[in-house]
Number of protein chains: 2
Amino acid sequence: MQNRRRALLDKAEFLFAEHGFEGTSIRDLAKEAGMNLAMISYYFGSKEKLFEALVEDRSSSLLEKVKAPNESTSDPVQRLAALVPSLVDRWLANPRFYRILYREASLNSRPELQRIIADTLLRQVNEFRKILQDGVEQGRFREVDIDLTMVTFYGTITQLLSASPQMHQRMLGRRWGDDVSEMAHWRNRLVDHLLQVMQAHLLTRA
Amino acid sequence: MQNRRRALLDKAEFLFAEHGFEGTSIRDLAKEAGMNLAMISYYFGSKEKLFEALVEDRSSSLLEKVKAPNESTSDPVQRLAALVPSLVDRWLANPRFYRILYREASLNSRPELQRIIADTLLRQVNEFRKILQDGVEQGRFREVDIDLTMVTFYGTITQLLSASPQMHQRMLGRRWGDDVSEMAHWRNRLVDHLLQVMQAHLLTRA
DNA sequence: TTTAATTAATCAAACGTATGATTAATTATT
DNA sequence: AATAATTAATCATACGTTTGATTAATTAAA
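Residues numbered from 1 in each chain as written. Chains lettered and ligands numbered in written order. Predicted model: local features only at pLDDT ≥ 70, side-chain atom pairs only at ≥ 80, totals over all residues. Heavy atoms only, no water.

**Student:** Please clarify how the protein's contact with DNA strand D should be interpreted in this entry.
**Tutor:** As a matter of local geometry, DNA strand D sits amid 15 residues, with A:I26, A:R27, A:L37, A:K47 and B:Y42 nearest to it. For DNA strand D, the fraction of atoms within 4 Å of the protein that belong to sugar or phosphate moieties is 52%. A:I26 is positioned with one of its backbone polar atoms (N or O) 2.9 Å from a phosphate oxygen of DNA strand D. Within the side chain of A:K47, a nitrogen or oxygen atom sits 2.8 Å from a phosphate oxygen of DNA strand D. Breaking the surface near DNA strand D down by element, the ones donating at least two residues are α2 (26–33) and α3 (38–44) of chain A together with α3 (38–43) of chain B. (Near = heavy atom within 4 Å. Polar contact = N/O pair within 3.5 Å; in protein donor to acceptor, adjacent residues only side chain to side chain. Helix = DSSP H or I, 4+ residues; strand = E, 2+ residues; numbered from the N terminus.)

**Student:** Explanation requested: the protein's contact with DNA strand C in the structure shown.
**Tutor:** Near DNA strand C there are 16 residues, and of these A:Y42, A:Y43, B:I26, B:R27 and B:K47 occur at the shortest range. Put simply, 52% of the atoms of DNA strand C that lie within 4 Å of the protein are in sugar or phosphate. Here B:I26 contributes a backbone N or O atom positioned 2.8 Å from a phosphate oxygen of DNA strand C. B:R27 is positioned with one of its side-chain polar atoms (N or O) 2.9 Å from a base nitrogen of DNA strand C. Elements that contribute at least two residues to the surface near DNA strand C include exactly α3 of chain A together with α2 (26–33) and α3 of chain B. In terms of residue count, α3(A) provides more of the surface near DNA strand C than any other element does, four residues in total.

Structure representation (structure tokens):
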């Protein structure tokens, strides 16, 4: 019954997001999943390999949906306008996964995991950087600080996805839940906001 | 010899920043500081209380320097232009401390620590929100999404401070070291960038 | 088509190690 | 001499991992 493997991955994603990788014991995980402790080693070999399997699973399932970035136009403004909602959808489809990645990426331990995480995150980052560079080269964008513009862009989503429930409550007022209508709400606000900020920042004034 | 207490705080800050709170054992800490394990309990009572002492120490030393935000003008544009460099200086004076806070703030464990962290972070956040609200009310700023504008602003610094060395290397090219000239470099870039982004976003177009 | 052999899945228990914390004894300082 | 600071030793608990046994399911041999 191979869907118990999947159940372990899902529970692990939840617990890692809430309590971190170090903060989640495989005993907690097994108990939450209603399974025996040994199943983790049986399916994955070790706790760390379970993490790697999680990254593998989530990022491959994401790649399926996303396909190649739309290259149908070379206009950086349009490419940006197309990329933003696509990225937002990617994030909001797996908020817990990205919360885990961003947090573990801020650590300086377990170098093998670090490499995997960095690879996964940087794949996205480079799509965005390409657009910025092209736009600046073509004179369609102002000569902004490209690195920090990327930091601002990805920082926005990191901040939003990473905040704990109580931080959300106290910082944003609005709850950040799992339910679909909440997500739709945030999706639209986020897309609008990111596009506004980026366009105001990048486009030369009339 | 009370500066051994301080030495413990400093080493703890370093190790927590690198490996996280959970990922740092009090044995590692004692060994790094060249002290006996029991000194942690002697000075602080427990590992968790040591963390609280660290927050207490760093945030009080920060409050000294910052004083009340400059209220000499009511012009939101000027207040913003004054707040940004002041915040950037605050962050860059204690990059490791904020790296710790942001990471632990993304967890949903140890509620008591969570409260302390949220309190510490939100104090700054509210300075900024006040300016945004006033600016929008007075019509000096566009009617932006205030919550997400704050997310973008704080997300920028979170992202920059939180990235591990190898993430910095691979994302920004430039190293993010401790040395002073590096810090001066980033300080100026950050201030310029944040002001540019925020002003482009907030100020109504001619 | 029954029976034997093999593989996959699951479990309870135990392993050795690491953890945070405490104790009691010792040394240094005042 | 009394207090403060430091140490080594110890404690109970929690951790990730491994083991050996058991059951269920699948395949091969008769």
